[in-house]
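Summary of the model geometry
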There are 2 protein chains.
Amino acid sequence: MRPCVESPFSVRGLEYGGAKPLFCVPLVAQDLASLITQAEVAHDASADLIEWRADFSQEISAGKFVEHLGGLRLVLKREPIIFTLRSKAEGGAQEIPQDTRRECIIAVLRSGLADIVDIELSNEPSIQEPVLREARAQGVRILLSAHDFHNTPSNDDLLEKISAMNRLGADIAKIAVMPRTATDVLRLMQVTLEARKCFPRLALCTMSMGSVGAISRIAGFLYGSDMSFAVGQTASAPGQIPIADARAMVDKLLRYS
Amino acid sequence: MRPCVESPFSVRGLEYGGAKPLFCVPLVAQDLASLITQAEVAHDASADLIEWRADFSQEISAGKFVEHLGGLRLVLKREPIIFTLRSKAEGGAQEIPQDTRRECIIAVLRSGLADIVDIELSNEPSIQEPVLREARAQGVRILLSAHDFHNTPSNDDLLEKISAMNRLGADIAKIAVMPRTATDVLRLMQVTLEARKCFPRLALCTMSMGSVGAISRIAGFLYGSDMSFAVGQTASAPGQIPIADARAMVDKLLRYS
């Protein structure tokens, strides 16, 4: 039995943080046509949630994002949508001026078309504060994230990041880090277990990236991670596994755990 | 890519310690008829190796063991056989006088019908020394084992046990311990990784038992374990997974790792 969130919450009727591990499929399209195709693939593959990595879009504008989200909703009637507009420094697909980014995210929050918003912990208060405030006002769930594409910080550093996310009122804390050794992967899972104990009401989404970390996308659920990213049509980060294979492995693993 | 033994060795043409994770199916029958049935099930399930847990036999005698091994060989033409006659204190199925145990193991070693012999590290020198000597004389591979059905000793204690097995000339060091927490399972995998680095020529077979430890039977290969025990017809220890499911999970995991 995996360690769950103390009070799992519901997003569009989907229980988040409960006994069932959730698989999120990222959409990384440049235009509306491919976005819709990727959404259909994810839907057909039974993704639990969808993350729209809007920073991959050719056109960065509040109007386009709201319009495309409307299009996504026609395909994704059931699946909660995570809206993510990452800056280049956070691993995003392109440079986006801070003001544009803030304006786009706020417009999306006001549209009522996104269920969860992802915002990087390292963002400056000038963007983080208004986004968190608007998300709360609109009843959109907050996913605070921290990425490190080169290294796995120390256990204490990782726990401090999760603690900071908790203090800021995150519903979900996401940690995605790159292992340099197999030990780094085991550490990430140990940190997840400790975070689950320290912050029993905070949903977690942790992963060790790349092929060395692939096991964390499968076994992380046993240590308190509540969601894993898996590939529908195109991966958004190294080490993501096709959703059908990932789910088959996790289902078997949970049967014997 | 999983960390392999520096020079994998061959047992009956099977590479032990190489890139391919090995699955061993234990046979725990009371009589020859069920032993043969279990061996057929294991063979049909494509077990890589077979462990005959002879301590489950109704009749404990050197003559019977050699006779039954002859019977097993007719069914198992390809698969290496591990011969194990565990004492009650080591988790065996029944009390067996020390002299009988030594006499039986030596007779089996002399028969040339077993490929690997399992002997617990904690055995007294009066049985361990002659068994190790005879195994070497007969060219039978040595698997030294340490079990703890209640607890997971400290990392240092576990590494010291593996070090002692290495000093005694083991070909394979086996550690099977019971986790009390999910952290104990991660520790067991970390210890395996360290042992793989410290003893690059020693094959390893490590597992965390019970349902909490089940993940170690799948992911252990990534951390240097070379063999996992899986169920054919009947399990011999808590947490063993049916071989078809175990192999399917490992095959998928290795594809992405």
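Before reading further, recall that the structure is shown in the block above.
Described in the following lines is the structure provided in the data block. (Residues numbered from 1 in each chain as written. Chains lettered and ligands numbered in written order. Predicted model: local features only at pLDDT ≥ 70, side-chain atom pairs only at ≥ 80, totals over all residues. Heavy atoms only, no water.)

Digging into the sheet that holds strand β9 (residues 203-208) of chain B
Residues and elements named next belong to chain B. Pairing within the open sheet is parallel, and its 9 strands lie in the order β9-β8-β7-β6-β5-β4-β3-β10-β11. Looking at which strands have only one partner, the edges of the open sheet turn out to be β9 and β11 (241-242). Of the pairings in the sheet, the one linking strand β6 (residues 116-120) to strand β7 (residues 141-148) comprises 5 bridges and is parallel in character. By the bridge assignment, E120 is partnered in β7 with S145. (Pairing = 2+ DSSP bridges. Helix = DSSP H or I, 4+ residues; strand = E, 2+ residues; numbered from the N terminus.)

Structural notes on the side chain of A:Q128
Residue and element names in this part refer to chain A. With respect to the secondary-structure elements, Q128 resides in helix α4 (residues 125-138). The exposure class assigned to Q128 is buried, which follows from its relative accessible area of 8%. Reaching out from Q128, the side chain makes a polar contact with the backbone oxygen of L121 at a distance of 2.9 Å. (Buried < 20%, exposed > 50% of the residue type's maximum accessible area, 1.4 Å probe, protein only. Polar contact = N/O pair within 3.5 Å; in protein donor to acceptor, adjacent residues only side chain to side chain.)

Section: unusual backbone geometry
Leaving glycine out, the prevailing phi sign among residues is negative, and the prevailing peptide bond configuration is trans. All names here are of chain A. Non-glycine residue R12 carries a positive phi angle of around 50°. Among the secondary structure elements, R12 is positioned in the loop between β1 (9-11) and β2 (14-16). In this structure, S46 takes a positive phi of about 65° despite not being glycine. With respect to the helices, strands and loops of the structure, S46 is situated in the loop between α1 (32-44) and β4 (49-53). For S46, a relative accessible area of 40% translates into the label partly exposed.

Observations regarding the environment of A:I162
All names here are of chain A. Its location among the elements puts I162 in helix α5 (residues 155-167). For the pair I162 and A146, spaced 16 residues apart in sequence, the C-alpha separation works out to 8.7 Å. Look past the residues within four positions of I162 in its chain and what remains in contact with it is A173, I175, V191, A195, F199, L202 and L204. (Contact = heavy atoms within 4.5 Å.)

Some details on the environment of A:A170
Residue and element names in this part refer to chain A. In this fold, A170 is placed in the loop between α5 and β8 (172-177). Classification of A170 as buried rests on a relative accessible area of 10%. With residues up to four places along the chain from it excluded, the contact list for A170 reads I142, L144, M165 and L202.

Structural notes on the interface of chain B and chain A
Quoted interface sizes are often the accessible area lost when the parts come together. Between chain B and chain A, the contact holds 22 residues from the first and 22 residues from the second. Interface area for chain B against chain A, summed over the two sides, is near 2200 Å², with a carbon-plus-sulfur share of 70%. When residues of chain B are sorted by the area they lose upon contact with chain A, B:L186, B:I215 and B:Y256 head the list and together hold 29% of the total. At the junction of chain B with chain A, the criterion picks out 4 salt bridges. Among the salt bridges present, the one from A:D245 reaches B:R255, with a minimum N-O distance of 3.3 Å. Applying the counting rule to chain B against chain A returns 6 residue pairs in polar contact (both at pLDDT 80 or more). Every element with two or more residues in the side of chain B that touches chain A is listed here: α6 (182-198), α7 (214-219), β11 and α8 (243-256) of chain B. (Buried area = accessible area lost by both parts, 1.4 Å probe. Salt bridge = Lys/Arg side-chain N within 4 Å of Asp/Glu carboxyl O.)

Thoughts on helix α1 (residues 32-44) of chain B
Residue and element names in this part refer to chain B. The terminal C-alpha atoms of α1, which comprises 13 residues, lie 18 Å apart, in line with the 18 Å expected from a rise of 1.5 Å per residue. Taken together, the buried positions of α1 are occupied by L35, I36, Q38, A39 and A42. Considered in projection along α1, the buried side chains sweep an arc of 165° and stay on one side of the axis. Away from the buried face of α1 by more than 90 degrees, exposed residues A33 and D44 are located. Those residues of α1 that are buried are in contact with β3 (22-27), β4 (49-53) and α2 (62-75). The opening residue of α1, the one whose side-chain oxygen lies 3.3 Å from the backbone nitrogen of A33, is D31. Following α1 by one or two positions, S46 adopts a phi angle in the positive range, close to 60°. (Expected span 1.5 Å × (residues − 1). Arc of directions from axis to C-beta.)

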